[in-house]
Every structure is written in structure tokens, then in C-alpha cells.
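Report on the structure
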Amino acid sequence: MAMETTVSLSVNSDRLQSRLYKLAEMGALEGGGVSRLALTDSDKMGRDLVVSWMTELGLDIAIDRIGNVVGTLKGQTDQPAVMMGSHIDTVSTAGIFDGNLGVLAGLEVIETIVDAGITPVRPLSVAFFTNEEGSRFAPDMMGSAVFTESLALETALETIGIDGKSVADELARIGYLGEDTFPSVSDTVSAYIELHVEQGPVLDELALDIGVVEGVQGISWSEYTFHGTSNHAGTTPMSYRQDAGVVAAAVMSYVHQLAESMPNNQLATVGSIEFRPNLVNVIPNYSRITVDLRNSNESELKRAESELEAFIASLVKKHGVRVEKKVLARFEPVIFDSNMVGKIESLAKESGMSTKRMFSGAGHDAQMFAPHCPTAMIFVPSQDGISHNIHEHTTPRQVTNGANLLLQTILKLCM
Ligand code: HGY
Ligand code: MN
Ligand code: MN
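The rules behind the values
- Residues numbered from 1 in each chain as written.
- Chains lettered and ligands numbered in written order.
- Predicted model: local features only at pLDDT ≥ 70, side-chain atom pairs only at ≥ 80, totals over all residues.
- Heavy atoms only, no water.
- Domains from an automatic or database assignment.
- Contact = heavy atoms within 4.5 Å.
- Buried area = accessible area lost by both parts, 1.4 Å probe.
- Salt bridge = Lys/Arg side-chain N within 4 Å of Asp/Glu carboxyl O.
- Polar contact = N/O pair within 3.5 Å; in protein donor to acceptor, adjacent residues only side chain to side chain.
- Nonpolar A, V, L, I, M, F, W, Y, C, P; charged D, E, K, R; others polar.
- Near = heavy atom within 4 Å.
- Areas by Shrake-Rupley, 256 points an atom, 1.4 Å probe, with all protein chains shown as cover.
- Axes fitted to C-alpha atoms, helices over the stretch in contact; angles between N-to-C directions.
- Helix = DSSP H or I, 4+ residues; strand = E, 2+ residues; numbered from the N terminus.
- Parallel < 35°, antiparallel > 145°, perpendicular 65-115°, else oblique.
- Left-handed = near helix turned anticlockwise from the far one by under 90°.

- The protein chain appears in an unreviewed UniProt entry as N-carbamoyl-L-amino-acid hydrolase from Vibrio hangzhouensis.

Some points on the domain arrangement of the protein chain
- Taken domain by domain, the protein chain consists of domain 1 (3-217 + 333-414) and domain 2 (218-331).
- Listed per partner, the contact involves 15 residues of domain 1 and 12 residues of domain 2.
- Both sides of the domain 1 and domain 2 interface together cover about 980 Å² of buried area, and 62% of this is carbon and sulfur.
- For domain 1, the biggest contributors to the area lost against domain 2 are Asp-140, Gln-217 and Pro-333; these three give 55% of the whole.
- On the surface where domain 1 and domain 2 come into contact, there are zero salt bridges.
- Where domain 1 touches domain 2, the interface holds two residue pairs in polar contact (both at pLDDT 80 or more).
- Class assignment of the residues belonging to the side of domain 1 that touches domain 2 gives a composition of eight nonpolar, five polar and two charged.

Some words on the site of ligand 1
- Contacts to ligand 1 come from Glu-132, Glu-133, Asp-140, Trp-221, Arg-294, Ala-362, Gly-363 and His-388.
- Here an oxygen atom of ligand 1 sits 2.9 Å away from a polar atom, N or O, in the side chain of Glu-133.
- Here Arg-294 contributes a side-chain N or O atom positioned 2.6 Å from an oxygen atom of ligand 1.
- Against a free-state accessible area of 210 Å², the protein chains account for coverage of 94% of ligand 1.
- Residue composition of the shell around ligand 1, by class: two nonpolar, two polar and four charged.

Focus on the packing of helix α4 (residues 100-115) against helix α14 (residues 396-414)
- Closest axis-to-axis distance for the α4/α14 pair is 9 Å, and the angle between their directions is 55°. Of the possible angle classes, the one that applies to α4 and α14 is oblique. Classified by chirality, the crossing of α14 by α4 is right-handed. Counting all contacts with α4, which are made through Leu-101, Ala-105, Gly-106, Val-109, Thr-112 and Ile-113, the residues of α14 involved are Val-399, Ala-403, Leu-406, Leu-407, Ile-410 and Leu-411.
- Classifying every residue of the contact of α4 with α14 by side-chain character gives 10 nonpolar, two polar and no charged.

Here is the structure:
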């Protein structure tokens, strides 16, 4: 089919919207939003639903050994496929767009191409990757990291989650411990494009249609466990204490001040903290805290990590407690393919959409593909910049803009 006729193609917005809301029923929370933590029953329900849509569309479906699911439309050739993808696992207080939009828009793009009677020159794939969020099992982007060989399959499978279950057992329990294998990434994928909500305030505040993503900032996740001595809150003089709780609390306020004092938009988040025995009149003998540091500048991110280490060493000495550290995730900043970024930007402008080049604050499966093939991302606005929150919202017009831009980009890549 001549290229000029494909330019007039556009996605079926109603079909995309209805699938977004149908998928949102899998793990729906009272009062709105979704909880579909990786490899839980609700993740299984979401997986089964998307696989059923892929099957109805006649895609060849592969499920690999970490549970990644890839649906592929045959092409006129069997060259490496053009791949779209994202994730359908969510945090436990999620909206309905994070990850899900990229998978369902990818499916919609393929269905639009099939409905138009087009057989792409290259095969066209849409994938959802296991455990992008990393909330239950660290690290994040686990499935795409295994797919792109930057994380060993065995290491991923033996990972124990925050609830004590292993990835391997949970994959088997939900029936997604697949057996399909893929050749190397570069022999499987010729280009990777991910549509995602921005999850930040920039596009919404500037009332822009499209974020043309140039890269993803670096991510450093660590878990610190402090061991002190439990004692009586009323009888133990302050100088006698090995208080594991006060150390964790000091780290929490330190990382906040550190981020605020550093340039380059250093970010720091303590998302979880735990005391034991967690009682009003007992000095904690145990605390566990996670620290999420991010920066688009690798040397600044390294600086934040080393300053935190030095601070913790001084605290441990001062309070006479013991510390154990576990690195949960560490990804350097990633830059996307400049040609692909430019192509997306010009296609958006040709369609009359307003654009802004930007870096992604959140991690994404796309960052795993960037070292292996031309990779890029398209952002659409998040209302009030909210995400990882049940009130996450992107309007139907913004969703359609993103999906149509994905369609036009894909048509350029696979015809
Ligand atoms: O944490 C992240 O950036 C992503 O949502 N996994
Ligand atoms: Mn996401
Ligand atoms: Mn997320």
C-alpha cells in the first residue's frame, strides 16, 4: 500500500478507550484506580485479557521464561520486528494509564494496520514485559532487562519479593513461566517505540500535546537495614541507646536535604520504612528503609550515593548500630536514538501537535532497548502531573494523539 494512503490512517479511539477501561477492571480498587502488582492474581487476569485480545487479532504469541509476552503480526519478510511495548503490572495505588497505555495503543496500532489490509514489510510486535514497576520484586524493568540480556534469567527467577515469594514460584503459579526463547535482541527487534504517560507536570502545565523523549534519568534503589538494641523507652538514658529507629529517620531527612542542596534536579525518595517491634514504649532494635535516588547526570547521581554512604557510616558509629545494605536497582541515564527522536518530533508537528523535547523522570522498559536498537518514547500529558496515584488521568483526545503518532511512526519504520 502506498505510503501516502497510510498517512490518512488513524486509530479507533473508542476501541482503545474501551480496552483501557476493560483492563482497568483487572485489579480495580474500591473508589477507582488499580492494584496489579507483578505476578499477583490481578496481574494474571490482566495478562489473560490482553493475550485474548492478541489472539483475537491473530498475532503469534510468545511467552518467554520470565513471563514477557510478545504478540507478533507477520510481515512480508521475516526481518527483525518493529516492536512496541510497555507493561501492565502496576503499583498498588495506580491509575489506568501507566504502562497499560503503551501496550494497548501498540495493540490498537496493529489492529488499525490489519483492518486497513496492510501487511507490513517487517513483522510488527507488541509486548508487555514482566514486573516493570519493581514494587513487589526489585529491580524495576526486570522482564525487559532479562529480554535485553542485561539481567540474568536465573537472578530474576530467584528474586524474593517484599512478601517472601519468589519470581519463579509466582510465574509458575499464574501460568506465565513460559518456554519460548528469542534470539539476540538485535536479531529479534529492529526498533522499539514506547508510548507512555509523562507522569510528571511539564506537558500539562505548558498545555502541550506530545513529549518527545530524549532519554531516561539514572536510577539508584537501595535498601538499608539497621540493627540496634530494643530497650525500655522510660528507663534507658539517651546515651545508652542503640536506636535503630532514629538512624532510619535521620537517613530519611538527610536524603531530602541532600536532594534539595544538589544541582541538576537530584531527586530522593524514601518510599518505605519499617520499625520493629514498632511499639510506643520500646526503642526499635530493627529498622528497614528504601532510598530511591535519581538524576539525569551520572556523576551527580554517584555523588549523591557516596554522600549518603558517608552519612550512614557516621550515623552507625554515633548510635552503635549495625547496618546491612542491599542494592535493589541501579541504572545509568540512557539517551535515545537521535534520528528516531527527530522522526517522532517531525511526525508530531506534521500532524499539528505541539511538542517538547524532554527527559523521562520515570524508568521505562524502553531504556533497556536503547543500547541494542534505535529506541524512543512518546509522552502524552498526565493531568496535574499525577501518577502512581489512583487519580492519574489523560484525556481521550491526548490518548488518541499519542496512539496516532505511534501509528505514524510505526508505519515509517515497518513499511
Ligand atoms: O520507578 C519507576 O520509575 C518506574 O515506574 N518503574
Ligand atoms: Mn510505567
Ligand atoms: Mn510506574
